[in-house]
Amino acid sequence: MTSTPFGRVVTAMVTPMREDGRLDLDGVQRVATYLADHGHDGLVVNGTTGESATTTDEENFATVKAVVEAVGDRVQVTAGVGTNDTAHSVRAAEAMAGLGADAVLIVTPYYNKPTQPGIVEHFRTVAQATGLPAMAYDIPGRTATALATDTIRRLAEIPEIQAVKDAKGDFFEASRLMAETDLLWFSGDDVVNLAHLAQGAVGVVSVVGHVAGEQYAAMVRAVDAGDLATAREIHTRLIPVVDAVMHTSQGAIQAKAAMKLLGVIDSDFCRLPLLPAPDEHRALLRDALTTSGLM
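Cut-off values and rules
Residues numbered from 1 in each chain as written. Predicted model: local features only at pLDDT ≥ 70, side-chain atom pairs only at ≥ 80, totals over all residues. Heavy atoms only, no water. Salt bridge = Lys/Arg side-chain N within 4 Å of Asp/Glu carboxyl O. Buried < 20%, exposed > 50% of the residue type's maximum accessible area, 1.4 Å probe, protein only. Helix = DSSP H or I, 4+ residues; strand = E, 2+ residues; numbered from the N terminus. 1 Å grid on protein atoms, 1.4 Å probe; cavity = no way out; pocket = protein on both sides within 12 Å on 5 of 7 lines; lining within 4 Å. Points joined across faces, edges and corners; volume = space filled by probe spheres on them. Nonpolar A, V, L, I, M, F, W, Y, C, P; charged D, E, K, R; others polar.

Let us look at the pattern of salt bridges. In this structure the tally under the stated criterion is 17 salt bridges. As a salt-bridge pair, R18 and D24 come within 3.3 Å of each other at their nearest N and O atoms. D24 gets classed as buried once you look at its relative accessible area, which sits at 4%. Between D138 and K168 there is a salt bridge, with its nearest N and O atoms 2.8 Å apart. One end of the pair, D138, is in strand 5 (residues 134–138); the other, K168, is in the loop between strand 6 (161–166) and helix 7 (171–180), and 30 residues separate them in sequence. Take D138: its relative accessible area is 1%, and that puts it in the buried class.

Below, the structure is given as structure tokens:
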């Protein structure tokens, strides 16, 4: 399976924390090693699933350092550096490059709702701060602003911006942009991984990959080989666990619960405003993991 600067089977990994809310760096390395052992050739650290909204810069730097030390020789490590403050994101990107990150993930600035030209300059400024390969994250459901088609065309002209993580779900637009540009396209929503791969995406940036990395690796290989029947079978088998992780409450909450159920981490503590999964959601998750053959 030919790789990319970001990998192809990539999980946006959780950030383990202790019951008192402190960062658990031993847990960080256990999760990273578990994912590297189970089908992944890339990880995103300090993304939304890593609770980046409630971790500090110092914690983010320590997390990337721990992941690079644990698995940096085995997977591509992409560091989330996206904020709604361009100067802040530049400082984060420079620090992550110094800590050994292979690439950066930049999300559309949220809340302050910039214009599309402002978005282009934000991405350009952050991406060019280090020269590392950059992935643009398009997730209007969280940021309130989608990357317009012409904006993505302009981003494609910036050498450092080499990929898009698509959590927008406009499949025709995605296929047009894949045809028009050399951007690497990644599914950013596990619900539609197969649809994106079938029309040309090179990989996935997953949450469900915490528990289904080997299955998604097999799906990518099957699509590469033109074996859509096998890819569909994998997709169908994973429906219960995708539903339990992505639709029961919130992805980071359920992914942490899954890692605890599998014995990878000791605690599934989440920082407010997130709460750990209640017992009934853990039960649904356990049943889904069993039904999907993952537990």
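A cis amide bond links L272 to the next residue, P273, at an omega of 15°. The phi dihedral of K113 falls on the positive side, at around 50°, and the residue is not glycine. Of note, A144 is a non-glycine position whose phi angle comes to about 75°, a positive value. Residue placement: A144 occurs in the loop between helix 5 (140–143) and helix 6 (149–156).

This part is about the layout of surface pockets. The calculated volume of the largest pocket comes to roughly 600 Å³. Listed by contribution, the elements that provide at least two residues to the lining of the largest pocket are helix 2 (57–71), helix 3 (86–98), strand 4 (103–107) and helix 5. Considered class by class, the residues forming the lining of the largest pocket number twelve nonpolar, 14 polar and four charged. Counting residues per element, the ones that place at least two in the lining of the second largest pocket are strand 8 (203–206) and helix 11 (251–261). A breakdown of the residues in the lining of the second largest pocket according to their chemical character gives eight nonpolar, seven polar and four charged.

By themselves, these are just geometric observations and shouldn't be taken as functional.
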